[in-house]
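Understanding the architecture of this molecule
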Amino acid sequence: MNASICVQVPLADRTYDVLVGHGTVNDVASLVPRGVRRAAVVTQAGNPLVRRVDPGVPFEVLEIPDGEHHKTMATVEDLCRQFVRIGLTRADCVIGVGGGLVTDVAGFSAAVYHRGIAVVHVATTLLAMVDAAIGGKTGVNLAEGKNLVGAFWQPSGVVCDLDALATLPPRETRCGLGEMAKYHFLTGDDLLALPLPERVARCVAIKAEVVGSDEREGGRRAILNYGHTLAHALETATDHSLAHGEAVAIGLAYAARLAHELGRIDEARVAEHDRVITGAYELGNALPVGLDDALLIDLMGRDKKVVDGLTFVLDGPEGVQTVSAVPESAALAALARMPRMADRGKMQP
Ligand code: GLY
């Protein structure tokens, strides 16, 4: 074992370890369940860590295409057919090596192949380390919206190898920071004050605690979607030219304005959101130009949380909570208060 921080996701007999540190990719074999005889390593071309993955059993590397447009049922079907080709049985294992797209697709493929086989995630982006690879949400997009098909399927273990962050493009780093800013509002923690390993491990621990208390999002887990209702709508409306974490940052600024519109928080708390998002985390909080507010409302109405009218996760006197039956007029008024991006070029790396 390398020196690493081990955070547990507490799920009774399915409790698993998340290993955070430099060189933790070398510990993958320790997370592969006993009895596994072969593995499929699912990744994307050019992943810097994949050559260092050794699951301790014979394996084949399967590459999936890059880009949200390939986060589809077609990619899952193709992967599952390759699992058949390489002879993966229900006693075997998938290893997802990559960012959130890879861990979502590899995890969902593992969840449905032979009605569910083991999966280990090797998170190689900041966003996957602090969010996507942890907690067992897997899935793919439909043309109608983001992550609309999926399954809860917990991994047997997760590796967050910080070596991968050294070569991470700035835009990918910003995406991880968007999720970190979310944790800031959930806990009030000054995450940026922590050294990198402790910062990532703290985010994992925050998420692990929430997932342990409500694995299948019967209630409390929904707080992890803070900022995500508008974010998912923006990703769909911009045809994914906004990346997830960038959209989450804008979604957090919107959620603050909507909470204010509903009388849940005061102006100072809205300003605090903008300060944290744009000042501390150096992320954008402005809506892209040219988007139709009615389209965004329509897309937000298709959000997975929706059971009773427009539903958001909003800050308030008792912290961040799910709020249903939000009047469309309030959602529109909050959109009208959003800063607008003067220059879409700001979204580029
Ligand atoms: N990313 C939100 C969740 O895992 O619940």
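These numbers were taken from a predicted model, which means no experiment stands behind them. Residue numbers restart at each chain and count upward from 1, following the sequence in its written direction. A pLDDT threshold of at least 70 governs which residues receive local features in this predicted model, and a stricter bar of 80 or more applies before side-chain atom pairs are shown or counted, although totals over entire chains, interfaces and linings include all residues. Side-chain numbers here rest on the full set of heavy atoms in the structure, without hydrogens or water.

1. Description of the nonpolar core
Side-chain atoms within 4.5 Å link the members of a nonpolar core, which is a set of buried Ala, Val, Leu, Ile, Met, Phe, Trp, Tyr and Cys residues. Only protein chains enter the area calculation, which uses a 1.4 Å probe; residues under 20% of their type maximum are buried, those over 50% are exposed, and those in between are partly exposed. Within the largest apolar cluster, 97 residues are counted, with the highest numbers of intra-cluster contacts made by Val-18, Ile-95, Leu-230, Leu-234, Tyr-254 and Phe-312. Here a strand is any run of E in DSSP of at least two residues, a helix any run of H or I of at least four, and the numbering for each starts at the N terminus. A total of eleven residues in this core trace back to one element, the largest contributor, which is helix α8 (residues 244-261). The contact criterion used is simple: two residues touch if any of their non-hydrogen atoms lie within 4.5 Å. Not counting residues within four places of it along the chain, the set of residues in contact with Ile-95 comprises Val-28, Val-32, Ala-39, Ala-40, Val-41, Val-42, Val-53, Pro-55, Val-120 and Val-122. Core analysis: the second largest hydrophobic core is formed by 21 residues, Val-42, Ile-64, Ala-106 and Ile-117 among them.

2. Some points on the site of the ligand
Nearness is judged by heavy atoms alone; a residue qualifies as near a molecule or strand once a single heavy atom is within 4 Å of it. All residues adjacent to the ligand are Asp-131, Lys-137, Lys-207, Arg-221, Leu-224 and Asn-225. We call two N or O atoms a polar contact when they sit within 3.5 Å, provided that within protein one can donate a hydrogen and the other can accept it, with sequence-adjacent residues counted only if both atoms are side-chain atoms. At 3.0 Å from an oxygen atom of the ligand is found a side-chain nitrogen or oxygen belonging to Lys-137. A distance of 2.6 Å separates an oxygen atom of the ligand from a polar side-chain atom of Lys-207. The Shrake-Rupley method, run with a 1.4 Å probe, gives the accessible areas here. Residue values count only the displayed protein chains as cover. Notes on the ligand: free accessible area 200 Å², of which the protein chains cover 91%. In this classification, Asp, Glu, Lys and Arg are treated as charged, Ala, Val, Leu, Ile, Met, Phe, Trp, Tyr, Cys and Pro as nonpolar, and every other residue, Gly included, as polar. Class assignment for the residues of the shell around the ligand results in one nonpolar, one polar and four charged.

3. Observations concerning the pairing of strand β11 (residues 321-326)
A pair of strands is labelled paired if DSSP reports no fewer than 2 bridges between them. Where strand β10 (residues 310-314) meets β11, four bridges bridge the pair, whose relative direction is antiparallel. Paired with Val-313 across the bridge in β11 is Thr-322. In sequence, β10 turns back onto β11 through a hairpin of six residues, with Gly-319 there showing a positive phi of about 90°.

4. Considering the sheet that holds strand β4 (residues 59-63)
The strand order β1-β2-β9-β6-β5-β3-β4 describes an open sheet built from seven strands, whose pairing is mixed. A single partner strand is all that each edge strand has here, and the edge strands are β1 (5-9) and β4. On average, adjacent strands in this sheet sit at an angle of 20° to one another, irrespective of strand direction. One ladder, built from five bridges, connects β1 with strand β2 (residues 16-21); its direction is antiparallel. A fitted line through C-alpha atoms serves as each axis, taken over the contacting stretch for helices, and the angle formed by two N-to-C directions is quoted from 0 to 180°.

5. Here we look at the packing of helix α7 (residues 228-237) against α8
The interhelical angle for the contact between α7 and α8, taken along N-to-C directions, is 135°, at an axis separation of 7 Å. Classified by the angle their axes make, α7 and α8 are oblique. Regarding α7 and α8, the two cross each other, and that crossing is right-handed. In this structure, α7 contributes His-228, Leu-230, Ala-231, His-232, Leu-234 and Glu-235 to the contact, and α8 contributes His-244, Ala-247, Val-248, Ile-250, Gly-251 and Tyr-254. The class makeup of the residues in the contact of α7 with α8 is seven nonpolar, four polar and one charged. Orientation categories follow fixed angle ranges, with anything under 35 degrees roughly parallel, anything over 145 roughly antiparallel, 65 to 115 roughly perpendicular, and all other angles oblique. Each crossing gets its handedness from the near helix: less than a right angle anticlockwise from the far helix is left-handed, clockwise is right-handed.

6. With respect to the packing of aromatic side chains
Any two of the Phe, Tyr and Trp rings considered here, Trp counted by its six-membered ring, make a pair once their centres fall within 6.5 Å; the pair's planes then place it as stacked at under 30 degrees, edge-to-face at over 60, or tilted in between. The final tally for this structure, using the stated rule, is three aromatic pairs. Each ring, one from Phe-83 and one from Tyr-113, has its centre 5.1 Å from the other, and the planes form 80°; the classification is edge-to-face. Taken together, the residues Phe-83 in helix α2 (residues 73-85) and Tyr-113 in the loop between α3 (100-112) and β6 (118-123) connect sequence positions 30 residues apart. The class for Phe-83 is buried, based on a relative accessible area of 0%. For Tyr-113, a relative accessible area of 5% translates into the label buried. Between the aromatic rings of Phe-185 and Tyr-226, the centroid separation amounts to 6.3 Å while the plane-to-plane angle is 80°, which identifies the pairing as edge-to-face. One end of the pair, Phe-185, is in helix α5 (residues 170-187); the other, Tyr-226, is in the loop between α6 (196-213) and α7, and 41 residues separate them in sequence. Grouping residues by exposure puts Phe-185 and Tyr-226 together as buried. Criterion for a charge above a ring: Arg CZ or Lys NZ at most 6 Å from the ring centre, at most 35 degrees from the ring normal. Above the face of the Tyr-183 ring, Lys-182 is positioned so that its terminal group lies 4.8 Å from the ring centre.

7. Observations regarding helix α11 (residues 328-336)
Where α11 is concerned, the buried positions are Ala-330, Ala-331, Ala-334 and Leu-335. For α11, the angular spread of buried residues about the axis comes to 140°, placing them on one side. The exposed residues of α11 that point more than 90 degrees off its buried face are Ser-329 and Ala-336. Buried residues along α11 sit against α7, α8, α10 (293-300), β10 and β11. Of all possible arcs, the one meant is that of the directions from the helix axis to the C-beta atoms.

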